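Letter by letter, the chains look like this.
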Amino acid sequence: DKAFCFYYQENLDVLRQMGAELVFFSPVEDSHLPESIGGIYLGGGYPEAYAKKLSANESMLSDIRDAVAQGKPLIAECGGFMYTADHIVDTAGNKEPMLGLVDTDVIMTKRLSMQFGYVTLTAKEKNAFMDQGESIRAHEFHYSKAEDGGNACRIEKYSGKQWEGVHSKGRLLAGYPHLYFHNCKDVAKRFVDMAAEYTE
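Worth saying up front: this structure is predicted, and the values here are computed from it rather than measured. Chains are numbered independently. Their residues run from 1 in the order of the written sequence. Selection of residues for local features in this predicted model requires a pLDDT of at least 70, selection of side-chain atom pairs for listing and counting requires 80 or more, and totals for whole chains, interfaces and linings are taken over all residues. Each side-chain value is derived from all of the structure's non-hydrogen atoms; neither hydrogens nor water enter the calculation.

S.K.: What am I meant to see in the sheet that holds strand β11 (residues 167-169) here?
M.R.: The strands that make up a sheet are held in pairs by hydrogen bonds between backbone atoms, and each pair lies either parallel or antiparallel. Here, any two strands with at least 2 DSSP bridges between them count as paired. In this description a helix means any DSSP run of H or I spanning at least four residues, a strand means any run of E spanning at least two, and both kinds are numbered starting from the N terminus. Spatial strand order, β1-β2-β12-β11: 4 strands in an open sheet with mixed pairing. Two strands close off the open sheet at either side, each with one partner strand: β1 (40-42) and β11. Taking the axes of each pair of neighbouring strands and ignoring which way they run, one obtains an average angle of 5 degrees across the sheet. Note: strand β2 (residues 74-77) against strand β12 (residues 172-175), 4 bridges, orientation parallel. In the sheet register, Glu77 faces β12, and the bridge partner there is Gly175. Axis definition: a line fitted to C-alpha atoms, over the contacting stretch in the case of helices. Angles run 0 to 180 degrees between N-to-C directions.

Set out below in structure tokens:
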């Protein structure tokens, strides 16, 4: 939808090639998740522009929280990650409650984060989506800062600059990096396999 509109077409193609049936929904406009889904993919976008509507859609928030609690896998990238946080905080300090799946607030900034560009993620420990030491290429671009960006991965730019990021909790993977499934097909396969396992 308008709040989460950034998806690589190739990512959707890869998921379909792996046997996934994609079902689209709007966290802004729809009251509930689609029935019988096995997993959730929240891409990037502009949740800050629709924060009040996202926060007011309590039935959708409840559905997604329940889905994660039941073991459905969830990948949340950038704007999707912001939606999984406790609150989105605008530049005037106004807070809107979000999913609360990740224990952090995300604060909007007037300038582009210095943690942007092409990066390499390396998993510090094994999680549901990555093996320990597994490295993948990704991309960051955001006008916000999370109080806790996560520590599941070491993130490194070509310049050598490094930081920690990405939250991994159970079958949830949430962080600022946008994944490109063509260069991390194992991550996509694990996501699809977990969704299939849930629906079975």
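S.K.: Quick question: what am I supposed to make of helix α1 (residues 9-17) here?
M.R.: Three- or four-residue spacings in an α-helix give side chains the same orientation, since the helix completes a turn every 3.6 residues. Each residue is placed in one exposure class: buried if its accessible area under a 1.4 Å probe, protein chains only, is under 20% of its type's maximum, exposed if it is over 50%, and partly exposed if it falls in between. Within α1, burial applies to Asn11, Leu12, Val14 and Leu15. Burial along α1 is one-sided: seen end-on, the buried residues are contained in an arc of 160 degrees. Here, two residues are considered to be in contact whenever any of their heavy atoms come within 4.5 Å of each other. Looking at the buried side of α1, the elements it contacts are β1, β2, β13 (178-179) and α5 (185-199). Looking one or two residues past α1, Gly19 carries a phi angle of roughly 100 degrees, positive in sign. In this description, one arc is meant: the one made by directions from the helix axis to the C-beta atoms.

S.K.: Which parts of the structure should I look at to understand the pairing of strand β5 (residues 105-108)?
M.R.: For a regular strand, side-chain orientation follows a simple rule: the groups alternate between the two sheet faces. By the bridge criterion, 3 bridges tie strand β3 (residues 87-89) to β5 in an arrangement that is parallel. Across the sheet, residue Val89 finds its bridge partner in β5, namely Ile107. Bridge count between β5 and strand β8 (residues 144-146): 3 bridges; the pairing is antiparallel. Bridge assignment links Ile107 to a residue of β8, and that residue is Lys145.

S.K.: It is not clear to me how α5 should be interpreted in this structure. Could you clarify?
M.R.: Expected span of a helix, by definition, is 1.5 Å for each gap between consecutive residues, and there is one gap fewer than residues. Relative to the 21 Å expected for 15 residues at 1.5 Å per residue, α5 spans 21 Å between its end C-alpha atoms, a close match to the ideal helical length. When we look at burial in α5, the residues that qualify are Val187, Ala188, Phe191, Val192, Met194 and Ala195. End-on, the buried residues of α5 take up no more than an arc of 160 degrees, which puts them together on one face. Structurally, α5 contributes buried residues whose contacts are with α1, β1, β2, β7 (135-140) and β13.

S.K.: Where do I start with the pattern of salt bridges in this structure?
M.R.: Once their charged atoms are close, side chains differing in charge can pair, the charge on each being opposite to the other. Put simply, a salt bridge is a Lys or Arg side-chain nitrogen that is within 4 Å of an Asp or Glu carboxyl oxygen. A complete count under the given rule lists 8 salt bridges for this structure. Here Asp105 and Lys95 are joined by a salt bridge, their closest N and O atoms 3.3 Å apart. Taken as a pair, Asp105 in strand β5 and Lys95 in strand β4 (residues 95-97) lie far apart in primary sequence, 10 residues in all. Looking at Asp105, the relative accessible area reads 8%, which means it is buried. Measuring nitrogen to oxygen at the nearest pair gives 2.9 Å for the salt bridge that ties Lys189 to Asp193. In this pair, Lys189 and Asp193 are both assigned in helix α5, 4 residues apart and thus about one turn of the helix distant.

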